[in-house]
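The residues making up each chain are set out below.
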Amino acid sequence: PSMTLHRAVWCPSDYVGNRCQFPSPCSPSPCRNGGECRPVVHGNTFDFRCICRLGFTDRLCLTPTNHACMSSPCRNGGTCDLITLSSYRCRCPPGWSGKMCHIANPCASNPCANGGQCSAFDSTFICTCPPAFHGKTCKQDVNECAQIPSPCQNGGVCANEVGSYHCRCPQQYTGQHCETLYMPCSPSPCQNGGTCVQKGDTTYDCSCLPGFTGPHCEHNIDDCPGHNCQNGGICVDGVNTYNCQCPPHYTGQFCTENVDECELMPNACQNGGTCHDTHGSYHCVCVNGWTGDDCSENIDDCASAACYHGATCHDRVASFFCECPHGRTGLLCHLDDACISNPCQKGSNCDTNPVNGKAICTCPPGYTGSACNLDIDECSLANPCEHGGRCLNTKGSFQCKCLQGYEGPRCEMDVNECMSNPCHNDATCLDQIGGFHCICMHINIFGGKTFSTKI
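Residues numbered from 1 in each chain as written. Predicted model: local features only at pLDDT ≥ 70, side-chain atom pairs only at ≥ 80, totals over all residues. Heavy atoms only, no water.

- Under an unreviewed UniProt entry, the protein chain has the name EGF-like domain-containing protein and belongs to Periophthalmus magnuspinnatus.
- Listed under Subcellular location (unreviewed entry) in UniProt, the entry text for the protein chain is "Cell membrane".
- Of the protein chain, the UniProt comment under Sequence similarities (unreviewed entry) reads exactly: "Belongs to the NOTCH family." (UniProt positions renumbered as here; feature names shortened; annotations may be inferred.)

What follows is the structure, given as structure tokens:
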């Protein structure tokens, strides 16, 4: 495809721009009568300009201008080509010539026969004939045998032919004009490597190589009669031998050896099928769900499926799946869906037993029962509250009332009373269960330090 240069970027003919990102206004070209379209840049937009052929003008080259070809000066089907607006040249069809194609070409009809060369001369023609023909149009044969002396030498008889002649030579001579003394074995007439043996002045015999016969060893003996190709093998004749072209399942010189297709084609059986070689063939034992000669066909289990009315059957490998309509459930969509009536308490998950269609409610924590409507008394099972906390049952859960010094959902965390910095004057706080104590620091008059504790 043609390319357009835009700021050192060569764009395909259909695009313009510094990144070839805009469609070209010249694709397709709006210019008519052979005008050349060129893109013109106007900022970020593109227009086009038509460069018109000589003889046309306006934006699209639609308007003809006064020029020498407007009067159609070329006659007899000639084509007018402008050189300038006032001068032209005619391209003449075969058989015509001249400035306006007004002169008939006498050679246009190929009047010269038998390879003669035609030359125009005024309003007529002259034929230059090859040596074997003559006459105005080279249609008359030259009788070479009428020449004196005869072209045939050494007693040869000349026989005229159209456009030529040939010499019938006596036995002792040969060549186009019987000019050469005949030597039976030079050159040898024996073919396919046969040896020429001269028997007399004009006689010879050919001694043929094995596999060939005939006066000149020209025939290859057919070695296929009585061949030993077996199992449908086709005999192909050679030179003094033959070969057996075996069918696909056999091999060997005489097609007697069975081909193990299972070894030759490891993937002959698809989709896990097992290949078993047989004499002259093989067969595939397919795994469940597949069939066909190579186990490539998935058995349509939906053809014999028992999905109930309204259900959609989806075929799988060796199985099928019934897609149930609303309100039906079960492996075959044969059961009413018990979950339609919302038997499980809100917040529970309802599943349908695929065997009997009954609802199976999966309860959230804190609830039990077939419909998840019974609250579990967590406090009656075993006290979940630690460190002496008191358990209070709530709907779907429980609460722990913790003793002083403990907190958390199960009273499992000790309250660190020292976190609030209860001790003053640089005393050290020691956390205790349900309380704390301060180790106080005292300064005596001798500059020493003593410690006491305050609980």
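## Here's the deal with the overall build of the protein chain
- Secondary structure assignment for the protein chain yields two helices and 47 strands.
- The C-alpha atoms of the protein chain give a radius of gyration of 57 Å, which is well past the 23 Å a tight globule of 455 residues would have.
- The 455 residues of the protein chain split such that 24% are buried.
- Total accessible area computed for the protein chain in this model is approximately 29,700 Å², and 52% of it derives from carbon and sulfur atoms.
- Charged side chains in the protein chain number 25 positive and 41 negative. The centres of these two groups are separated by 23 Å. (Helix = DSSP H or I, 4+ residues; strand = E, 2+ residues; numbered from the N terminus. Rg over C-alpha atoms; globule rule 2.2 N^0.38 Å. Buried < 20%, exposed > 50% of the residue type's maximum accessible area, 1.4 Å probe, protein only. Areas by Shrake-Rupley, 256 points an atom, 1.4 Å probe, with all protein chains shown as cover. Lys, Arg positive; Asp, Glu negative; His and termini not counted. Charge placed at Lys NZ, Arg CZ, Asp CG, Glu CD.)

## Observations concerning unusual backbone geometry
- Residues S27 and P28 are joined by a peptide bond in cis, for which omega reads 0 degrees.
- Omega for the bond connecting I148 with P149 falls within 30 degrees of zero, at 0 degrees, which places this linkage in the cis form.
- Summarising the element assignment, P149 is placed in the loop between β16 (140-141) and β17 (157-161).
- Despite not being glycine, N154 has its phi angle at roughly 55 degrees, a positive value.
- Here N154 is to be found in the loop between β16 and β17.
- Unusually for a residue other than glycine, C295 sits at a positive phi of about 60 degrees.
- Locating C295 in the fold gives a position in the loop between β31 (290-291) and β32 (297-298).
- A relative accessible area of 0% places C295 in the buried class.

## Regarding the packing of aromatic side chains
- Summed over all chains, the structure comprises one aromatic pair.
- Considering the side-chain rings of F22 and F46, the 5.6 Å spacing of their centres and the 45 degrees angle between planes classify their relative orientation as tilted. In this pair, F22 sits in strand β4 (residues 22-23) while F46 sits in strand β6 (residues 45-51), placing the two residues 24 residues apart along the sequence.
- Residue F22 is classed as partly exposed on the basis of its relative accessible area of 32%.
- In this structure F46 comes out as partly exposed when scored by relative accessible area, which is 22%.
- A cation over a ring is seen here: K99 above Y88, with NZ or CZ 4.5 Å from the ring centre. (Phe/Tyr/Trp six-rings, centres within 6.5 Å; stacked < 30°, edge-to-face > 60°. Lys NZ or Arg CZ within 6 Å of the ring centre and 35° of its normal.)

## Overview of the pattern of salt bridges
- Under the criterion given, the structure shown has five salt bridges.
- D47 serves as the salt-bridge partner of R59, at 3.1 Å between the closest nitrogen and oxygen. With R59 in the loop between β7 (56-57) and β8 (63-64) and D47 in strand β6, the pair connects residues that are twelve residues apart, well separated along the chain.
- The shortest N-O distance in the salt bridge between D336 and R328 comes to 2.5 Å.
- Here D336 falls in the exposed class, since its relative accessible area comes to 57%. (Salt bridge = Lys/Arg side-chain N within 4 Å of Asp/Glu carboxyl O.)

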